[in-house]
Amino acid sequence: VQLQASGGGLVQAGGSLRLSCTASGRTFSTYIMGWFRQAPGKEREFVAGINRNGGKIYYADSVKGRFTISRDNAKNTVYLQMNSLKPEDTAVYYCAAINGIWIGVKETEYEYWGQGTLVTVSS
């Protein structure tokens, strides 16, 4: 599967952005989807994950209550709604996919990756 992320940009602290990740192919609904991010000089970290039908969701503690992951299987797309953004949310955001059952929180648990979209939050 090929993943295409979009929606990044520059936003002031307290603002919102919505990231989208669209997948190619007809089997999107069989994939666990995740969002990760990598800030300058830091390792890539898990942000949020969603199971095949959207019934189970995990968030990193750092984004709970501010970010919302969702998916539309009819559109082969997963979203990350980011509200109350902070400067520390500045990073390249990546979507990832794995044809599995459990939501992974580690990079190594995902097989397919999008190209990344840059989110910059100014103070």
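Above this text you will find the structure in question.
This is a predicted model, so every value here is computed, not measured. (Residues numbered from 1 in each chain as written. Predicted model: local features only at pLDDT ≥ 70, side-chain atom pairs only at ≥ 80, totals over all residues. Heavy atoms only, no water.)

## Things to note about the state of the cysteines
Part 1: Scanning the model with the defined rule gives 1 disulfide in all.
Part 2: With its sulfur 2.1 Å from that of its partner, C21 forms a disulfide with C95. Here the S-S torsion is close to 60°, and the disulfide linking C21 with C95 is therefore right-handed. Here the residue C21 occupies a position in strand β3 (residues 17-23), and C95 occupies one in strand β9 (residues 91-98), the gap between them amounting to 74 residues. C95 matches C21 in its accessibility class, with the two residues each being buried. (Disulfide = S-S within 2.5 Å. Helix = DSSP H or I, 4+ residues; strand = E, 2+ residues; numbered from the N terminus. Buried < 20%, exposed > 50% of the residue type's maximum accessible area, 1.4 Å probe, protein only.)

## Let's talk about the nonpolar core
Part 1: Counting residues in hydrophobic clusters, the biggest one holds 36 residues, and the most contacted among them are M33, W35, L80, M82 and Y93.
Part 2: Ranked by residue count, the leading element in this core is β9, at 6 residues. (Core = buried A, V, L, I, M, F, W, Y, C linked by side-chain atoms within 4.5 Å.)

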